[in-house]
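Observations on chain architecture
Here is what each chain is made of, one letter per residue.
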Amino acid sequence: MNITICGAGNAAHTLIPLLASKGHAVTVYTALADEAVALREALSGGGEMTARFADGRVFKARPVRVTEDARDAASEADMVLLALPAFAHEAILRELAPHLPTNAWIVALPARGGFDWLVRAILPEHEGVVLGLQTLPWACRIQDWGRTVAVLGEKAVVDVAARPSEAGAEAARSLSELLGLPLQPLPNFLTLTLANTGQLIHPGIMYGLFRAWDGRPFGEDEVPLFYTDIDEETADILQAMSNEVQAVRAAIERARPELDLSRVATLHDWLLRAYADDIEDPSTLLSSFRTNRAYAGIRAPVELVEENAYAPWFASRYLAEDAPLGLVVTRGLADLVGARTPAIDMVILWAQEKLGKEYVRDGKLEGRDIRETRAPQRFGIHGIDDEMIDGG
Ligand code: NAD
């Protein structure tokens, strides 16, 4: 297959050798021109890229092409993989759109909320399968840029949504074979959008940890642990946000009983499933965060402001990605069915202030930056109809 991998970060460094070593013709597309130049340089003289997995597997290969030219990247692609932060999806898809064969598969790793609506808005005539993964299957970090990546962990199973939904099982099987790991098909993209737990956990905990921050920087040892330092009040906020997602789900199910949203789990149930063997005390949501070994030692995102002085990093993906492409999407769905979301609103209002953005104004999704979100209303979707359910 001709596979185009968009991006040149940790995820792309993993995918390139993994897929090229299986004999696929891999093209790397990065719109950031200096990345393309640097990657060509790193691979000059026949150099290869290496992905070292923690379990001992090693994949070594080189792409056939590294380009910053959208036509070169797209015109012969059988499959496009977006190995990008979700806020880059729109720009990259717009660049590729004029050149992309109509039957090429488009895969986002990970998708975040409303990805199917975005694809339909940019590529209305597209006929190829669209797939969205719930998360990147790997925890991976570049060791030597352009050459080596360490794959520290691999998820046991990753949920995947497809459009058209009837293609889901078959498409998940093909992609699973390609990536060499189990993928579990979800009934529809709406499940992926609502079941995006990062939209609750990341902005919710940022709010909990930093809503009362007094502006004094932290010393290196004082930076709070992101997950295991959460307090009861933060757990209550996360619980309230999760309850609101369930209320939105229930309202959509009442409007469209035939729509299967059974896989939209509560936050607590999701944690227990995702970290079954890591949580020491699963009795409450608070204890499931505080005693999760997989979360131990992970600190809150901070930025260095002066020597040994750190401030909360409000521009990090925990707000910049999970608010506009997560929580705001859910808030938009709530509006479609008349559900109230006071806890989600409270966190969105705080996050937009920290980001210098405006999504919600006077209680409505009418802020000046709403076009940077994937709220359904942004795509002209105003009801729970077929269009909205199967990709707008
Ligand atoms: P990264 O930051 O290493 O790479 C991102 C790449 O995206 C960049 O190299 C660049 O090519 C491209 N990019 C970034 N901003 C862009 C922009 N504005 N316009 C165009 N291109 C842009 O990210 P990553 O670690 O490869 O992660 C990819 C996605 O997977 C992210 O959504 C991340 O949150 C998620 N994720 C990563 C990991 C991990 O272990 N790396 C784990 C879970 C989820």
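Since we're looking at a predicted model, the values are computed, not measured. (Residues numbered from 1 in each chain as written. Predicted model: local features only at pLDDT ≥ 70, side-chain atom pairs only at ≥ 80, totals over all residues. Heavy atoms only, no water.)

Now for the pattern of salt bridges. One pass over the full model with this rule turns up 20 salt bridges. Between Arg378 and Glu90 there is a salt bridge, and its shortest N-O distance comes to 3.0 Å. Of this pair, Arg378 sits in the loop between helix H14 (342–355) and helix H15 (386–389) while Glu90 sits in helix H4 (residues 89–96); the two residues are 288 residues apart in sequence, bridging distant segments of the chain. As a salt-bridge pair, Glu258 and Arg256 come within 2.5 Å of each other at their nearest N and O atoms. Overall, the relative accessible area of 17% leaves Arg256 in the buried class. Each of Asp55, Arg57 and Glu154 takes part in a single network of salt bridges with overlapping partners. (Salt bridge = Lys/Arg side-chain N within 4 Å of Asp/Glu carboxyl O. Helix = DSSP H or I, 4+ residues; strand = E, 2+ residues; numbered from the N terminus. Buried < 20%, exposed > 50% of the residue type's maximum accessible area, 1.4 Å probe, protein only.)

All right, on to the domain arrangement of the protein chain then. Domain annotation for the protein chain reports domain 1 (2–186) and domain 2 (194–379). Between the C-alpha centres of domain 1 and domain 2 there is a distance of 26 Å. Of the residues lining the interface, 19 residues belong to domain 1; the matching set on domain 2 comes to 18 residues. There are four salt bridges connecting domain 1 and domain 2. A salt bridge links Asp159 to Arg273, with the shortest nitrogen-to-oxygen separation between them at 3.5 Å. (Domains from an automatic or database assignment. Contact = heavy atoms within 4.5 Å.)

Moving on to the site of the ligand. Looking at the ligand, there are 21 residues lining it, with Asn10, Ala11, Glu35, Arg141 and Arg317 nearest. Counting only elements with at least two residues in the shell around the ligand, the list comes to helix H1 (10–20) and strand S9 (138–144). The greatest single-element share of the shell around the ligand, amounting to four residues, is contributed by S9. Counted by class, the shell around the ligand contains 12 nonpolar, four polar and five charged residues. (Near = heavy atom within 4 Å. Nonpolar A, V, L, I, M, F, W, Y, C, P; charged D, E, K, R; others polar.)

So, about the packing of helix H9 (residues 232–255) against helix H13 (residues 323–337). Two elements in contact, H9 and H13, have axes separated by 9 Å at closest approach and are oriented at 40°. Classed by the angle they form, the pair H9 and H13 counts as oblique. In this structure, H9 crosses over H13, and the sense of that crossing is left-handed. Within the contact between the two elements, H9 uses Met241, Val245, Val248, Ala251 and Ile252 and H13 uses Leu327, Thr330, Leu333, Ala334 and Val337. When its residues are assigned to classes, the contact of H9 with H13 shows nine nonpolar, one polar and no charged. (Axes fitted to C-alpha atoms, helices over the stretch in contact; angles between N-to-C directions. Parallel < 35°, antiparallel > 145°, perpendicular 65-115°, else oblique. Left-handed = near helix turned anticlockwise from the far one by under 90°.)

With that settled, consider unusual backbone geometry. A cis amide bond links Leu109 to the next residue, Pro110, at an omega of -5°. Mapped onto the fold, Pro110 is located in the loop between strand S7 (105–108) and helix H5 (115–122). Residue Pro164 follows Arg163 across a cis peptide bond; omega there is 0°. Inspection of the secondary structure puts Pro164 in the loop between strand S11 (158–163) and helix H6 (168–179). You will see that Arg112, though not glycine, has its phi angle at about 65°, which is positive. As for its placement among the helices and strands, Arg112 is situated in the loop between S7 and H5.

Moving on: the environment of Val337. Within the secondary structure, Val337 is located in helix H13. The contacts of Val337, once residues within four sequence positions are left out, are Val248, Ala251, Ile252 and Ile384.

The next thing to look at is the packing of aromatic side chains. The final tally for this structure, using the stated rule, is 14 aromatic pairs. Ring geometry for Phe210 against Phe218: centres 6.1 Å apart, planes inclined by 50°, an arrangement best described as tilted. Neither residue differs from the other here; Phe210 and Phe218 are each classed as buried. Where Tyr227 meets Tyr295, the ring centres are 3.7 Å apart and the plane angle is 5°; that geometry is what we call stacked. With Tyr227 in the loop between helix H8 (198–210) and H9 and Tyr295 in the loop between helix H11 (285–290) and strand S13 (302–306), the pair connects residues that are 68 residues apart, well separated along the chain. Note that Lys354 overlies the ring of Phe314, its terminal NZ or CZ placed 5.0 Å from the centroid. (Phe/Tyr/Trp six-rings, centres within 6.5 Å; stacked < 30°, edge-to-face > 60°. Lys NZ or Arg CZ within 6 Å of the ring centre and 35° of its normal.)

Turning our attention to the pairing of strand S4 (residues 58–61). Side-chain positions along a regular strand alternate between the two faces of the sheet. Alternating positions in S4 separate cleanly, Phe59 and Ala61 being buried on one face and Val58 and Lys60 remaining unburied on the opposite face. When strand S3 (residues 49–53) meets S4, the two strands line up antiparallel, connected through four bridges. Across the sheet, residue Met49 finds its bridge partner in S4, namely Ala61. Taking the residues between adjacent antiparallel strands as the criterion, S3 and S4 are bridged by four residues, where Gly56 takes a positive phi near 105°. (Pairing = 2+ DSSP bridges.)

Within the open sheet, the eight strands sit side by side as S5-S2-S1-S6-S7-S8-S11-S12. Their pairing is mixed. Either end of the sheet is taken by a strand with one partner, and the two such strands are strand S5 (65–67) and strand S12 (183–185). Put simply, the sheet's adjacent strands are angled 25° from each other on average, direction ignored. As paired elements, strand S8 (residues 130–133) and S11 share four bridges and run antiparallel to each other. By the bridge assignment, Leu131 is partnered in S11 with Ala162. H1 contacts strand S1 (2–6), strand S2 (25–29) and strand S6 (79–82) of the sheet and is inclined by roughly 170° relative to S1. Here helix H2 (residues 33–43) sits on the sheet and contacts S2 and S5; the angle it forms with S5, its principal contact strand, is near 155°.

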